[in-house]
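Summary of structural features
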Amino acid sequence: MSEQLRAASFLDKGGTGKTTTVAHLGVALSERGNDVLLIDLAGKQADLAKNFGVWEDYRERIEAEDDWPNISTVFREQWTRIAKKIDDPLDELVYDTGEGPDLIPAHPGLDGLDTELNDIEEIEERYSRLEEFLDSYVSGYDVVLIDLPGSTNNISYNGLWAAQHVVVPVEAGPFEAQQAETLKSDLERISDRFDVDVELTMLVMNKTDQRTKLSEEFADEYSAAFDGVLAPHEVPRSQDVRNAAVEGRTLYAERGLSESAKRALEAFEENAEELERRLKA
Ligand SMILES: Nc1ncnc2c1ncn2[C@@H]1O[C@H](COP(=O)(O)OP(=O)(O)OP(=O)(O)O)[C@@H](O)[C@H]1O
Ligand SMILES: [Mg+2]
């Protein structure tokens, strides 16, 4: 089997489209014939599960305390011992999104995890738990996409360490451009510290309004500053993206798409193809 492709969606900022990007690229890569697993590490609001309409079901399980093991369990020191006692540990964690990819939803247990991981002194031990889990239990998938918190902590470090490839949705604006720059230097710093290369693989301009001159200027600026990293297609702002998420599905499962939504879908498809190419390179 060829090597598993992995990428994490990350930016130290909320609301730029990280979850939306993971969901849509995940479905696009699945439609391209890959077995795709999405992992939500972005926090207990469990947005990926909501985006795929499986949150209600998972919440009921959490309330009924039928939520063990969960994604936070795999970070714990005892995980290997726990997993040995379970017939099919991965099967306990995974949900079917109904749109192609499988999903490991976020769990409230992620909440205290950052602090817990802090107590591990050795850097490799602290940051490589997710990688260890992926290598040992998740080998059956062609592609793993990880949705990370919009903040830098031990959990996002685990995601970056495991994926080593970062997809970054950004909006057009001076502040956002500065943040993308900061991310670039952060990843260089992290790579030095980690002794693993964490690469900025794809910067996607999201929620663009193609008609404004300003957004064109930012497109130029991004493509100059992120040569070879910028995604081939911008994802236009479309109310259908938001509506679909609220309904618990992606644009792929939405009917009667508006023109902007069609363009967004096309962009996700082209970007997914390019992401696959870059991850394989
Ligand atoms: N291209 C788009 N057009 C219109 N709305 C969009 C688009 N992309 C994302 N959105 C909407 O913007 C909001 C934020 O997107 P999303 O949740 O993906 O961002 P995020 O970076 O994951 O946020 P957080 O940091 O809170 O996890 C959501 O309501 C989403 O539906
Ligand atoms: Mg999110």
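Summarised in this report is the structure supplied together with it. Computed from a predicted model, the values in this text were never measured in an experiment.

**Section: the packing of helix α10 (residues 174-194) against helix α11 (residues 213-225)**
Running from N to C, α10 and α11 cross one another at 10°; their axes reach a closest spacing of 11 Å. With respect to α11, the element α10 is oriented roughly parallel. Contacts from P174, E176, A177, A180, E181 and K184 in α10 reach F218, E221, Y222 and A225 in α11. Of the residues belonging to the contact of α10 with α11, the class tally is six nonpolar, no polar and four charged.

**Details of the site of ligand 1**
Every one of the 16 residues lining ligand 1 counts as a neighbour, but G15, K18, T19, T20 and S238 are closest to it. In this structure, T20 approaches ligand 1 through a side-chain N or O atom, which is 2.5 Å from an oxygen atom. Here ligand 1 has 630 Å² of accessible area as a free molecule, and 83% of this is covered by the chains. Here ligand 1 occupies the largest pocket. Elements supplying a minimum of two residues to the shell around ligand 1: α1 (18-31), β7 (199-208), β8 (235-236) and α12 (239-247). It is α1 that provides the largest number of residues to the shell around ligand 1, a total of three residues. Looking at side-chain class alone, the shell around ligand 1 contains three nonpolar, eight polar and five charged residues.

Cut-off values and rules
Position numbers for residues start from 1 in each chain and track the written sequence from start to end. Whichever chain is written first is A, and whichever ligand is written first is 1; the rest continue in order. Per-residue local features are limited, in this predicted model, to residues with pLDDT of at least 70; the limit for side-chain atom pairs, both in listing and counting, is 80 or more; totals at the level of whole chains, interfaces and linings are taken over all residues. Side-chain calculation: all heavy atoms of the structure are included, whereas hydrogens and water are not. To get an axis, fit a line to the C-alpha atoms, keeping to the stretch in contact for a helix; angles then go from 0 to 180 degrees between the N-to-C directions. Strands are runs of DSSP state E lasting at least 2 residues, helices are runs of H or I lasting at least 4, and numbering of each runs from the N terminus. Should an angle lie under 35 degrees it is considered roughly parallel, over 145 roughly antiparallel, and from 65 to 115 roughly perpendicular; all remaining angles are considered oblique. Any two residues whose heavy atoms approach within 4.5 Å are treated as being in contact. Classification convention: Asp, Glu, Lys, Arg as charged; Ala, Val, Leu, Ile, Met, Phe, Trp, Tyr, Cys, Pro as nonpolar; all other residues, Gly among them, as polar. Nearness is defined per residue: one heavy atom within 4 Å of the molecule or strand is enough. Whenever a nitrogen or oxygen atom comes within 3.5 Å of another N or O atom, the pair is scored as a polar contact, on the condition that within protein one atom can donate a hydrogen and the other can accept it, and that pairs from neighbouring residues in sequence are kept only if both atoms are in side chains. Accessible surface is estimated by sampling points in the Shrake-Rupley manner with a 1.4 Å probe; for residues, cover comes only from the protein chains shown. In this analysis, the protein atoms alone were mapped onto a 1 Å grid. Cavities are point sets where a 1.4 Å probe fits without being able to get out; pockets are open sets with protein on both sides within 12 Å along at least five of seven lines; lining residues have an atom within 4 Å of a point. The way we define it, a molecule is inside a pocket or cavity when more than half of its atoms are within 2 Å of that pocket's grid points.

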